[in-house]
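Each chain, written out:
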Amino acid sequence: PVMRENARSMAGALVVIMELMALVLFARVAVREHLRGQELVGVCKHVLWALDGYVLYFTCVMAANMCACMGMPMSPFARRLALGGVLALVLLVESIILLVRARSVETGCSNAAYNALSVAVCFQLVEMCCVTPLEMGREHVKLEVVKTREKAAAAAGAGPPDDSEYQALPDGPDDKYRVMQL
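A short tour of the structure in this document, coming up. In this text, all values refer to a predicted model and were calculated from it rather than measured experimentally.

What counts and what doesn't
Residues numbered from 1 in each chain as written. Predicted model: local features only at pLDDT ≥ 70, side-chain atom pairs only at ≥ 80, totals over all residues. Heavy atoms only, no water. Helix = DSSP H or I, 4+ residues; strand = E, 2+ residues; numbered from the N terminus. Buried < 20%, exposed > 50% of the residue type's maximum accessible area, 1.4 Å probe, protein only. Contact = heavy atoms within 4.5 Å. Areas by Shrake-Rupley, 256 points an atom, 1.4 Å probe, with all protein chains shown as cover. Patch = residues over 30% accessible without salt bridge, like charges linked within 9 Å, V, L, I, M, F, W, Y side chains within 5 Å. Salt bridge = Lys/Arg side-chain N within 4 Å of Asp/Glu carboxyl O. Expected span 1.5 Å × (residues − 1). Core = buried A, V, L, I, M, F, W, Y, C linked by side-chain atoms within 4.5 Å.

## Observations concerning the overall build of the chain
Moving on, step 1. The helix and strand tally for the chain stands at five helices and zero strands.
Moving on, step 2. Secondary structure elements of the chain occur, N-terminal to C-terminal, as α-α-α-α-α.
Moving on, step 3. For the chain, the residues scored as buried account for 35% of the 182 residues in total.
Moving on, step 4. Contacts spanning at least 24 positions in sequence make up 68% of the contacts within the chain whose residues lie at least 6 apart.
Moving on, step 5. Total accessible area on the chain stands at roughly 11,200 Å², and carbon and sulfur atoms take up 68% of it.

Below, the structure is given as structure tokens:
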């Protein structure tokens, strides 16, 4: 439910639109640089490859967002999403290293590819450090509210509400509340 709800919120929709714009920008620059036909060597070639990696990354992110918007359960893809997150971190670190190394190269590197990769790194850092924690924090608050309501209903003898999409996670072995449905 986390991805589904975030994709359906106004902030989530804005993030999806920004990711789509980033994908289009990075793909446009990457295709243009590949079609230039200029033979790139060393770190300059790797900058373009890293940009290609971001095109692939944002394509996968858009696919996951579309699945979430359509209401598909994301739990079957949890391991793939986790692996994608680890690979995204590897891409981020490698891209930062490449940007530093390419800065010292005087000629031969494409300014467009370098700038696009810089934007991709900045975008991923902002998304990773600011946007994702806010989305997860909002989801955590929503789950805590549901948990509190379920405890109040249980104390009144009514039991947990059946019409709620969200259900509280168990706190421990004595907790009789149902697990959140994915």
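## Brief notes about a nonpolar patch on the surface
Moving on, step 1. A cluster of nonpolar side chains, contributed by Leu 89, Ile 96, Val 100, Leu 125 and Met 128, occupies part of the molecular surface with about 390 Å² of accessible area.
Moving on, step 2. Contributing elements (two or more residues each) for the nonpolar patch: α4 (78–103) and α5 (111–155).
Moving on, step 3. If you tally residues by element for the nonpolar patch, the top one is α4, at three residues.
Moving on, step 4. Following the sequence through the fold, Leu 89 ends up in helix α4.
Moving on, step 5. Leu 89 sits in the partly exposed class, given a relative accessible area of 40%.

## Structural notes on α4
Moving on, step 1. Along its 26 residues, α4 runs 37 Å from first to last C-alpha, staying within 8% of the 38 Å computed at 1.5 Å per residue.
Moving on, step 2. Along α4, the positions that sit buried rather than exposed are Ala 88, Leu 91, Leu 92, Ser 95, Leu 98, Leu 99 and Ala 102.

## Some words on the nonpolar core
Moving on, step 1. In this structure, Phe 26, Val 47, Leu 51, Tyr 54, Tyr 57, Phe 58 and Leu 117 are the most contacted members of the largest nonpolar core, which totals 32 residues.
Moving on, step 2. For this core, the secondary-structure elements that each account for two or more residues are α2 (10–35), α3 (42–69), α4 and α5.
Moving on, step 3. Take this core: its biggest share by element is 12 residues, from α3.
Moving on, step 4. Setting aside its immediate chain neighbours within four residues, Leu 117 contacts Val 47, Ala 50, Leu 51, Tyr 54, Ser 95 and Leu 99.

## Some remarks on the environment of Val 121
Moving on, step 1. Examined against the element boundaries, Val 121 turns out to sit in helix α5.
Moving on, step 2. When the C-alpha positions of Val 121 and Tyr 54 are compared, they lie 8.8 Å apart, and in sequence the two are 67 residues distant.
Moving on, step 3. Among residues more than four places away in sequence, those in contact with Val 121 are Tyr 54, Leu 92, Ser 95, Ile 96 and Leu 99.

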